[in-house]
Amino acid sequence: MREADPREREMGMAWYVSDADGTGGELRFAEEDFVVRERERFNVDLHPIDADTGAYPHLVFRATLRGWDTNDFASALSNKLGMSRERVSWAGTKDKRAVTTQLFSVRYEDETLPALDDAEVEVLGRAGRPVLFGDLAGNAFEIRVRNADRPENAAAITESLRRFAAGGGDEDVSADDPAGVPNYFGHQRFGSYRPVTHRAGLAVVREDWADAVMTYITQTAPEEPADTREAREFVAETRDWSAALERLPGKLRYERAMLHTLAERVGEGEPTDEDWRAALESLPSNLQTMLVNAAQSYAFNLMLSERLERGLPFAEAVAGDVVCFADRSPETPDDLALPDTDRLQRVDEGRVDTVNRHCARGRAFVTAPLVGTETELADGEQGDIERAVLDELDLEPGDFDLPGAFESTGTRRAILLRTGLDVERVDDDPDSLWFRFALPKGSYATVVLREYLKDDPLALT
């Protein structure tokens, strides 16, 4: 085990599980170096595109996007169609600097969609309901890391990750064995260049609406352009919402939306709690939810780091753990181990061996909480960890009883991310490495790659 970069520790990711030195290298040198294709489980009958739009109002399509953030694509499409962005939905959110193939739907009566640059769209048919987040099983990745300083270190790292997936013992592992890493939430959850989302989210959970807005708008980062930093600092110093709108770059549209709300509601006056909350609610509903999710994710990362530090296993349960079982629904791909967090079981002393036989076969997974109003914490040492982290953050499950899109009932999440992993040198470029693997929904490719690069986290963005 090896201490992580200070920037990662700010996001709750305190450790690497592999001791070997990293490979270094450059990620996303070109969009084609980061290719993602969704593994879908949209188990809905599709009807012809000219079917009755009253019964089948949702046009389902698959899009291959180059250099598009999912939210930006949805906004651009809805603008072209002259409709609310809320009528566009999708199975999973993807990064901008990549080539991504993903499933969308739009509530739309026409049979064709407008063209957008760097987007290849295939209309599949009509459905009676939209594509939803639950329709994503996982993602398959093909990722190239270029200009690695020490590509020869990849083999030792891979062996370490296979041992971690097997329980961390000294037994032999082979190239056919899966690799494993802690199922941390990656940098994208918190903001890679400006890790602020969880800080704003913690303020939301505490119903400190003013702090949430000001954190999101004004917290700066050294990597930001000078004009953006100066605009954020102007907001913090003056609280002149109208003047700030003239200074804040147009690309910061979410910050501008909040400032516009404040300027309209209070002019030059001091906002009330209702005004601050209204500013936050000017964000799209999925981004409101994302703030709270980021706070939950930060607490989850801290729990995993503490479990690592205490030397508790990730591939096996100990007494007091809560495990979930594998999703065996027919629409789930056979080769993708998808945890079903609706099927939970608390592990008492007499059940440890039985549960661990299921864990060894990929049929059960040890979990930690994404805390919400209905969260039940573990017992034993894992329960001690969960309560200690929540105490440190001054949180409790009831705090997530919040208005509108901010409310969360919570869930649990597998703590081990296990995957088949193929790592190889590039024949015509020995300083490059290709990584090929598939992950269940909600898990991050960068959490696998960070173990290899062991570099400044910005190299993973």
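Higher on the page you've got the structure.
All of these numbers come straight from a predicted model, not from anything done at the bench.

Cut-offs and rules
- Residues numbered from 1 in each chain as written.
- Predicted model: local features only at pLDDT ≥ 70, side-chain atom pairs only at ≥ 80, totals over all residues.
- Heavy atoms only, no water.
- Helix = DSSP H or I, 4+ residues; strand = E, 2+ residues; numbered from the N terminus.
- Buried < 20%, exposed > 50% of the residue type's maximum accessible area, 1.4 Å probe, protein only.
- Patch = residues over 30% accessible without salt bridge, like charges linked within 9 Å, V, L, I, M, F, W, Y side chains within 5 Å.
- Areas by Shrake-Rupley, 256 points an atom, 1.4 Å probe, with all protein chains shown as cover.
- Salt bridge = Lys/Arg side-chain N within 4 Å of Asp/Glu carboxyl O.
- Lys, Arg positive; Asp, Glu negative; His and termini not counted.
- Charge placed at Lys NZ, Arg CZ, Asp CG, Glu CD.
- Polar contact = N/O pair within 3.5 Å; in protein donor to acceptor, adjacent residues only side chain to side chain.
- Contact = heavy atoms within 4.5 Å.

For the rest of this paragraph, the subject is unusual backbone geometry. Positive phi outside glycine occurs at Arg 28, with the angle close to 60 degrees. Its place among the elements puts Arg 28 in the loop between strand E3 (26-27) and strand E4 (34-40). For Arg 28, a relative accessible area of 5% translates into the label buried. A positive phi angle, close to 50 degrees, is found at Arg 239, a residue other than glycine.

On the surface, Glu 207, Asp 208, Asp 211, Asp 273, Glu 274, Glu 374, Asp 401 and Glu 407 cluster together to form a negatively charged patch. Mapped onto the elements of the fold, Asp 211 is located in helix H6 (residues 209-218).

This model, assessed by the stated rule, comprises 30 salt bridges. A salt bridge links Arg 265 to Asp 275, with the shortest nitrogen-to-oxygen separation between them at 2.7 Å. Placement of Arg 265 in helix H9 (residues 253-266) and of Asp 275 in helix H10 (residues 273-280) is noted, with a sequence separation of 10 residues between them. Arg 265 sits in the partly exposed class, given a relative accessible area of 45%. Looking at Asp 275, the relative accessible area reads 10%, which means it is buried.

Positive charge collects at one region of the surface, where Arg 328, Arg 343, Arg 351, Arg 357, Arg 361 and Arg 363 lie side by side. By the secondary structure assignment, Arg 351 is in the loop between strand E12 (339-346) and helix H12 (352-360). Its relative accessible area of 32% is what places Arg 351 among the partly exposed residues.

Looking at the element boundaries, Asn 153 is found in the loop between strand E9 (136-146) and helix H3 (154-165). Here the side chain of Asn 153 touches Asp 21 through a polar contact of 3.2 Å, landing on its backbone oxygen. Among all residues touching Asn 153, those that are not within four sequence positions of it are Asp 21, Gly 22 and Thr 23.

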